[in-house]
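Fold and geometry: a report
Below, each chain spelled out in residue letters.
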Amino acid sequence: MGENGAGKTTLAKHLNGLLKPSLGKVTVDGDDTTKKSVAQLSRKVGIVFQNPDHLLFSETVKEEVGFALKNFGFEPSVVVKQVERTLEALDLTHYANTSPFLLSGGERKRVALAAVLAWEPDYLILDEPTIGQDYQQKERLRNFILQLNSQGKAVVMVTHDVEFVAECNPKVVLMSKGRILAQGQADEILSDDGLIEKASLVKPQMAKLFSQLGEFGFPSDVVDVHRAKMLLEERLSEVKIRVAQSS
Amino acid sequence: MSGELLVDGVSVAAETTSELSRKVGYVFQNPENQLFALTVEKDVAFGPENLGLTRQEIRDRVDWAMDAAGTVALKDLAPYELSGGQQQRVALAGVLAMRPSVIVLDEPTSFLDPRTAEEVMGAVDNLRRENGITVIVVEHRLDLVGRYAERMVVMDHGRIVADGKLEDVLDAEFDRLSGLGIGLPKVSLLWSLLKRDGLVSERLPTHVESAVKMLSERLRN
């Protein structure tokens, strides 16, 4: 996370060798990226760009999603199966024979994601995946990321979307002006006024709320609705009982 | 097409786009789509230059618009050199220089980091209050606009499904709105969950400040 121009996308492009470091070193599973081709690294690391139009070019959604699989040399029967599975998972089956360019911005973003997920890379890099997505699509994306995590895959997400991050509570790396400013669990980072200020972010609503309820002895690192509800439920039931007893 | 659309009582079908654009300024979702001049100042001046105004009038409008949108420091830069947030403000200045009575902003903050998004919304709200400009914002995230909006129109599949004061619509239609994929303010969501458990009874808050006030009152009891 970090402000516009912090260097998040530049860092992401180093992870599959699209950019090579001029200083320092980037390694993927111990391999120096300067010693590997983008093709070799891509098998492990899939990047979904912020703008889906930078990635899409095929005539149908089905071909788009099968393109990389064919290039990696998978058997035709595996390609067909894998394309079907991926389209199904991202709710795109009904668009299989449609041109990606006839779809809405949010749908094209999902096709771009499908095109990368199809070959099941070990590391998935998502650059601003929630832009242009409505709330239901975001929920779907969140569940999808959790599912990939449980399959042992790492997901790296570049984002400004503080509320989305607050609900997932992942590890956060905060960047500013090309450097790493801080790293830690999302609830620590997103409730830290100093860091939020430096990185041009704003606190999630729950963090704003609880930072102003300090006089009641609540913790200050509450960032998600679920935890907020549990804390308030407990306290409000006590208040309710007290009010009932005194009347 | 059926139906009728009126701006200031005049049907849009009877007006030309150039006439209408004196009244209604439109800021596109992607500011790159409307910036084209070599410097910010020239870009902002383009609209008024085409209205047949005197040099001094053009100068005054450009200065006012750049100041109101916070782009004075950028005036000699090329639009393509600017960050997304700066471009969004320049596009706004270009529209303001036309002195419209209505501004339409299509997802004005989707490309912006959260701090810049708050700055842009704050600047637009000042214009509304100081100059009486009507502002129409197309948005599916209510956490940002909840503090400013007076009226909310909810659309689904090409139709208006709710229309009223933001706090009324939010309170009455919360479940339906979440079903439509609208990003509702997290404080409203929290409140609706507490309400469901019978722990609070008031109407849903639309922004953090009102939630703080309502909760503080209850907890002090």
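Shown above is the structure to which this text applies.
Residues numbered from 1 in each chain as written. Chains lettered and ligands numbered in written order. Predicted model: local features only at pLDDT ≥ 70, side-chain atom pairs only at ≥ 80, totals over all residues.

Helix and strand content of chain B: 9 helices and 7 strands. Taking the principal axes of its C-alpha atoms as reference, chain B extends roughly 65 × 45 × 25 Å. Taking all contacts inside chain B whose residues are at least 6 apart in sequence as the whole, residues at least 24 apart take part in 58%. (Helix = DSSP H or I, 4+ residues; strand = E, 2+ residues; numbered from the N terminus. Contact = placed C-beta atoms within 7 Å.)

With that out of the way, let us pick up helix H2 (residues 40-49) of chain B. Residue and element names in this part refer to chain B. With 7 of 10 residues buried, H2 lies mostly within the body of the structure. Those residues of H2 not exposed but buried are Val40, Glu41, Asp43, Val44, Ala45, Gly47 and Pro48. Where H2 is buried, its residues contact helix H3 (55-68) and helix H4 (84-96). (Buried ≥ 20, exposed ≤ 12 C-beta atoms within 10 Å, placed from the backbone.)

Another point: the interface of chain A and chain B. Contacts between chain A and chain B engage 33 residues on the former and 32 residues on the latter. Broken down by secondary-structure element, the contributors of at least two residues to the side of chain A that touches chain B are helix H6 (135-150), helix H7 (162-168), helix H10 (205-211) and helix H11 (225-246) of chain A. Looking at the side of chain A that touches chain B, the element that brings in the most residues is H11 of chain A, giving 11 residues. Grouping the constituent residues of the side of chain A that touches chain B by class yields 16 nonpolar, 9 polar and 8 charged. (Nonpolar A, V, L, I, M, F, W, Y, C, P; charged D, E, K, R; others polar.)

All names here are of chain A. As a packed pair, helix H3 (residues 61-71) and helix H5 (residues 105-117) sit with axes 7 Å apart at the nearest point and diverge in direction by 35°. Classified by chirality, the crossing of H5 by H3 is right-handed. Touching Val61, Glu64, Val65, Phe67 and Ala68 of H3 are Val111, Ala114 and Ala115, all from H5. (Axes fitted to C-alpha atoms, helices over the stretch in contact; angles between N-to-C directions. Left-handed = near helix turned anticlockwise from the far one by under 90°.)

Okay, helix H9 (residues 208-220) of chain B next. An ideal rise of 1.5 Å per residue puts 18 Å on 13 residues; H9 of chain B measures up with 18 Å between its terminal C-alpha atoms. Along H9 of chain B, the residues classified as buried are Val208, Ala211 and Leu215 of chain B. Relative to the axis of H9 of chain B, the buried residues are bounded by an arc of 60° and lie together on one face. Facing away from the buried side of H9 of chain B, by more than 90 degrees, are the exposed residues Lys213, Glu217 and Arg220 of chain B. Elements in contact with the buried residues of H9 of chain B: H10 of chain A together with helix H8 (186-196) of chain B. (Expected span 1.5 Å × (residues − 1). Arc of directions from axis to C-beta.)

Here we come to the pairing of strand S5 (residues 134-138) of chain B. All names here are of chain B. Strand direction decides the pairing type here: strand S4 (residues 102-106) and S5, joined by 5 bridges, are parallel. Counterpart to Asp106 in the pairing with S5 is Val138. Handedness of the crossover joining S4 and S5 through helix H5 (residues 114-131): right-handed. (Pairing = 2+ DSSP bridges. Right-handed = clockwise from strand over helix to strand, strands pointing away.)

The next point concerns the environment of Arg227 of chain A. Here Arg227 of chain A is to be found in helix H11. We classify Arg227 of chain A as partly exposed; it has 17 C-beta atoms within 10 Å.

Across a regular strand the side chains alternate sides, sitting on one face of the sheet and then on the other. All names here are of chain A. The sheet contact formed by strand S4 (residues 123-127) and strand S5 (residues 154-158) spans 5 bridges and is parallel. Pairing of Tyr123 across the sheet is with Ala154, part of S5. Between the parallel elements S4 and S5, the chain passes through H6 in a crossover that is right-handed.

What follows is about the environment of Arg85 of chain A. Residues and elements named next belong to chain A. Topologically, Arg85 is positioned in helix H4 (residues 76-89). What makes Arg85 partly exposed here is the crowd of 15 C-beta atoms within 10 Å. Spatially, the C-alpha atom of Arg85 lies 8.2 Å from that of Ala118, the residues being 33 residues apart in sequence.

Residues and elements named next belong to chain B. Read across the open sheet, the 3 strands follow the order S3-S4-S5; overall the sheet is parallel. Only two strands of the sheet have a single neighbouring strand rather than two, namely strand S3 (24-27) and S5. Ignoring strand direction, the axes of neighbouring strands in this sheet form an average angle of 15°. Bridge analysis of S3 against S4 gives 4 bridges, and the strand direction is parallel. Within S4, the residue paired with Gly25 across the bridge is Ile103. Contacts from H4 reach S3 and S4 within the one sheet, and its direction differs from that of S3 by about 165°.

With 73 residues, the main nonpolar core has Leu190 of chain A together with Val44, Ala65 and Ala93 of chain B as its most contacted residues. Top element by residues in this core is H4 of chain B. It accounts for 6 residues. Beyond its immediate chain neighbours, meaning those up to four positions away, Ala93 of chain B contacts Val44, Ala65, Met66, Ala69 and Thr71 of chain B. Of all hydrophobic cores here, the second largest spans 30 residues; its members include Leu41, Leu56, Leu69 and Leu87 of chain A. (Core = buried A, V, L, I, M, F, W, Y, C linked by C-beta atoms within 7 Å.)

To continue, consider the packing of H11 of chain A against H8 of chain B. Interaxial distance between H11 of chain A and H8 of chain B falls to 10 Å at its minimum, and their mutual angle equals 45°. In terms of axis orientation, H11 of chain A runs oblique to H8 of chain B. Our pair here, H11 of chain A against H8 of chain B, has a crossing hand that is right-handed. For the pair H11 of chain A and H8 of chain B, the contacting residues are Val225, Ala228, Lys229, Leu232, Glu233 and Leu236 of chain A in the first and Lys186, Leu189, Leu190, Leu193 and Leu194 of chain B in the second. Counted by class, the contact of H11 of chain A with H8 of chain B contains 8 nonpolar, no polar and 3 charged residues. (Parallel < 35°, antiparallel > 145°, perpendicular 65-115°, else oblique.)

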